[in-house]
Amino acid sequence: MTLGLLAQATSGGDPLYAGDIDLAVVLITALKVVVCFVFLLVATMLMVWFERKVIAGMQNRVGPNKAGPFGILQTLADGIKAFFKERINPERADPFVYRLAPYLAFVPAFLTFSVVPVGGSFADGNDGVVTIFGHETFLQVADPPVGILFVLALSSIAVYGIMLAGWSSGSKYPLLGSVRASAQMVSYEAALGLSVATVLLVAGTLSTNGIVAEQDTMRDWNIVTTGLLPFVVFVIAATAELNRPPFDLVEAEQELVGGFHTEYSAIGFALFYLAEFMNTVTWSAIIVTLFLGGPQALFGIDLPIIPGAIQGVIWFFLKLVVFLFMYVWFRATLPRFRYDQLMDLGWKVLIPVAFGWFLFLTTLRITRDLEWTRSGQIMAGAAAVVVAVAGYALFLAALRVSARQRETHGSLF
Amino acid sequence: MGYLQGFLVTLRQIRAFGGKQVTTEYSGGQGHGSHDEKMARTERLHGRHVLNRYEDGMEKCIGCELCAGVCPAKCIYVRGADNPPDDPVSPGERYGYVYEINYLRCIHCDLCVEACPTEAITESKLFEFSFTNRRDAVYTRDELVVGDDGKPQQLPWEDWREGDDLLSSGWMRATAPSGEAGAEGVVAWSGELGYGVRAPEPDQAERDTVTGSPDPTLVEDAKVEHAAKDDGDREERGHH
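Owing to the predicted nature of the structure, the values given are computational and were not obtained by experimental measurement. (Residues numbered from 1 in each chain as written. Chains lettered and ligands numbered in written order. Predicted model: local features only at pLDDT ≥ 70, side-chain atom pairs only at ≥ 80, totals over all residues.)

**Here's the deal with the overall build of chain A**
- Within chain A, the secondary structure is distributed over 14 helices and 2 strands.
- By the compact-globule yardstick of 22 Å for 413 residues, chain A fits well, its C-alpha radius of gyration being 23 Å.
- On the principal axes, the C-alpha backbone points of chain A span a range of 60 × 60 × 50 Å.
- When each of the 413 residues of chain A is scored for burial, the buried share is 43%.
- Relative to all contacts within chain A whose residues are 6 or more apart in sequence, the contacts with residues 24 or more apart total 77%. (Helix = DSSP H or I, 4+ residues; strand = E, 2+ residues; numbered from the N terminus. Rg over C-alpha atoms; globule rule 2.2 N^0.38 Å. Buried ≥ 20, exposed ≤ 12 C-beta atoms within 10 Å, placed from the backbone. Contact = placed C-beta atoms within 7 Å.)

This is how it looks when you write it as structure tokens:
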């Protein structure tokens, strides 16, 4: 009953909850949750293997090749080992928080994926509805009206997992690692949010399903409609958000031993490790959803025989793998940033650029909505560019002044 | 565009994009067919020791304990005893009746080989020490002494391939025991079971023509392999 009311309140959501909530609906939801859970675990397992294999190739090595064909079961073996190892609680650790932290990192990684539409037919203006057991539904666990905000909220919660892990370990290096992590994630969340805002501006909806449905042809993909820049900013910020190289200062081995999870062993460590790779998968999925049309077909290709909904799944995974490979490639290629470089990139480059671009797009949108003439639109656009450039010049001037001040007067920091 | 070039560098390392894989797939005896090969080892690799015997089968070790004395890791334990007059083990007065090397301690510095006055202890090219308990790490005389064919004994955890039992005797000892250049090319070592009196090592100039480099450890694997095979051949020729 409550669920039904909730569903009515959120109009335009998953059609599964539009009618009465009967047993079948509950079972379908449960099925989707289980499938999503299992899929993510398997995907994470394969991602770890994929990363190790690809990075081995890039370093002229072989990579895991003993457990199972091509070593594909290596992660399983590692996982089983980790789960059977002794759990060690450091004497000075806060027992409750120390145990809670891995789950705080792990659960958001799962939940984020629940709003990602993994399949369904979006071609010809379809909104990705598929029919399972006679019920119409989306191929995603949930389609909350807040959609993408839910993702941002969960990525903030994941910071707590890392922060509390470092703090509760009762040890210095983990604490330093978690302080770095929280500073880094908060910094890059701003750039992340601003580039998401441009997508929302274009899409006009927060719902992930709506965002995908709106990117009908390749020309409508948000990577094109938002002008590439937010995509680049988002990818960089997401890499920082994931604490993956070149932004892996959180676990910079040379400086911080293992970073925030130094004191963790056995299952706690396994959960952090799992969460890290699962986040890589989920954030790649979110990039695909936001900018590359999720399950939308490439060039409008219609694969023969395969039904449309399954085609969507195939396209989604193809795009996903591209980004997973990109993350591995980053790791193999780029050296780690220094901490001040990291902060410089975040605050002095990504945020101003994302913000300026957002304002520019907003200007264009407003002039179009107000139905200005074409020359008027161009004028407004030019004015926006001039303002942005002037603003950035002022910003750089301010930076130079403060740098000179630091030179002459010294700095506390 | 420096960053993007960097990306190309890593991409090109993948074998599908023309990269070269440098890791050899070696399984230690649990291999799966084709992807299981041992790397070529350099000719002076310090592997596990063997206790050599003379051509007549007598053990070379005289139980003098110089190897134990010189060992910086204190991994060798030797006890000498008088040879039984009716069935002597070594041609001298005494023989090593206890000879143990603990391979959890051994650093393969080869000082024992340098110290040995009778060339009894030498290092083979075998490197597989994959025992599963500490007791197995202590190799006793029974395991170290060469077999009746003069070759090292194969231990259960050793994965031997073609030619692994070669190059186990003291052929690598400096050509002139005293280090005198004038003694180069003069046979100065005793005969050995399985190998006999070996021909002297080639002099430096000749070595350079074989290996193509003054330092054989620096030349490519293929050349080292070639050189090693040459040396093996020379030992074969040395048979009596």
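**Describing the interface of chain A and chain B**
- Taken together, the contact pairs 9 residues of chain A with 12 residues of chain B.
- Broken down by element, the side of chain A that touches chain B gets its largest block of residues, 3 residues, from helix α12 (residues 308-333) of chain A.
- Broken down by class, the residue content of the side of chain A that touches chain B amounts to 4 nonpolar, 4 polar and 1 charged. (Nonpolar A, V, L, I, M, F, W, Y, C, P; charged D, E, K, R; others polar.)

**What about the domain arrangement of chain A?**
Residue and element names in this part refer to chain A.
- What the domain assignment reports for chain A is domain 1 (2-337) and domain 2 (355-413).
- The gap between the C-alpha centroids of domain 1 and domain 2 is 33 Å.
- On the side of domain 2, 6 residues touch domain 1, which itself brings 7 residues to the contact.
- If you list the elements that add at least two residues to the side of domain 1 that touches domain 2, you get α6 (172-203) and α9 (229-241).
- Of the residues in the side of domain 1 that touches domain 2, the class split is 5 nonpolar, 2 polar and no charged. (Domains from an automatic or database assignment.)

**Things to note about the sheet that holds strand β3 (residues 94-102) of chain B**
Residue and element names in this part refer to chain B.
- With antiparallel pairing, 3 strands are arranged side by side in an open sheet as β2-β3-β5. Looking at which strands have only one partner, the edges of the open sheet turn out to be β2 (76-82) and β5 (138-139).
- Examined bridge by bridge, β3 and β5 share 2 bridges and lie antiparallel to one another. Of the residues in β5, the one forming a bridge with Asn102 is Val138. (Pairing = 2+ DSSP bridges.)

**Description of the packing of α6(A) against helix α13 (residues 339-369) of chain A**
Residues and elements named next belong to chain A.
- Following both chains from N to C, one finds α6 and α13 inclined at 15°, their axes separated by 9 Å at the closest point. Judged by the angle between their axes, α6 and α13 are roughly parallel. Crossing of α6 against α13: the hand is left-handed.
- For the contact of α6 with α13, the per-class residue count stands at 17 nonpolar, 6 polar and 2 charged. (Axes fitted to C-alpha atoms, helices over the stretch in contact; angles between N-to-C directions. Parallel < 35°, antiparallel > 145°, perpendicular 65-115°, else oblique. Left-handed = near helix turned anticlockwise from the far one by under 90°.)

**A word on the confidence of the model for chain B**
Residue and element names in this part refer to chain B.
- Looking at chain B as a whole, the pLDDT averages 77, with 72% of positions reaching at least 70.
- Contacts for the low-pLDDT stretch residues 214-227, under 50 throughout, to residues beyond four places or in other chains number 22 contacts.
- Segment residues 232-240: pLDDT under 50, and 16 contacts once partners within four positions in sequence are set aside and those in other chains are kept.
- Scoring of the predicted complex yields 0.75 for pTM and 0.71 for ipTM. (pLDDT = per-residue confidence, 0-100.)

**Brief notes about the pairing of strand β1 (residues 129-132) of chain A**
- Sheet topology note: the β1(A)/strand β2 (residues 135-138) of chain A ladder contains 4 bridges and is antiparallel. Note that in β2(A) the partner of Val129(A) across the bridge is Phe138(A).

**As for helix α4 (residues 95-113) of chain A**
- Burial in α4(A) covers these residues: Tyr98(A), Ala101(A), Pro102(A), Leu104(A), Ala105(A), Phe106(A), Pro108(A), Ala109(A), Phe110(A), Thr112(A) and Phe113(A).
- Structurally, α4(A) contributes buried residues whose contacts are with α2 (23-58), α5 (148-168) and α11 (266-291) of chain A.

**Structural notes on the nonpolar core**
- Formed by 102 residues in total, the largest nonpolar core has its most connected members in Ala105(A), Ile162(A), Ala191(A), Phe234(A), Ala237(A), Ile287(A) and Ala354(A).
- If you tally residues by element for this core, the top one is α11(A), at 16 residues.
- Three or more residues apiece are contributed to this core by two domains, here domain 1 (2-337) and domain 2 (355-413) of chain A.
- Those residues in contact with Phe234(A) that lie beyond four places of it in its chain are Leu192(A), Ser195(A), Ile287(A), Leu290(A) and Phe291(A).
- Membership of the second largest hydrophobic core comes to 24 residues, among which are Val50(B), Ile62(B), Val78(B) and Leu144(B). (Core = buried A, V, L, I, M, F, W, Y, C linked by C-beta atoms within 7 Å.)

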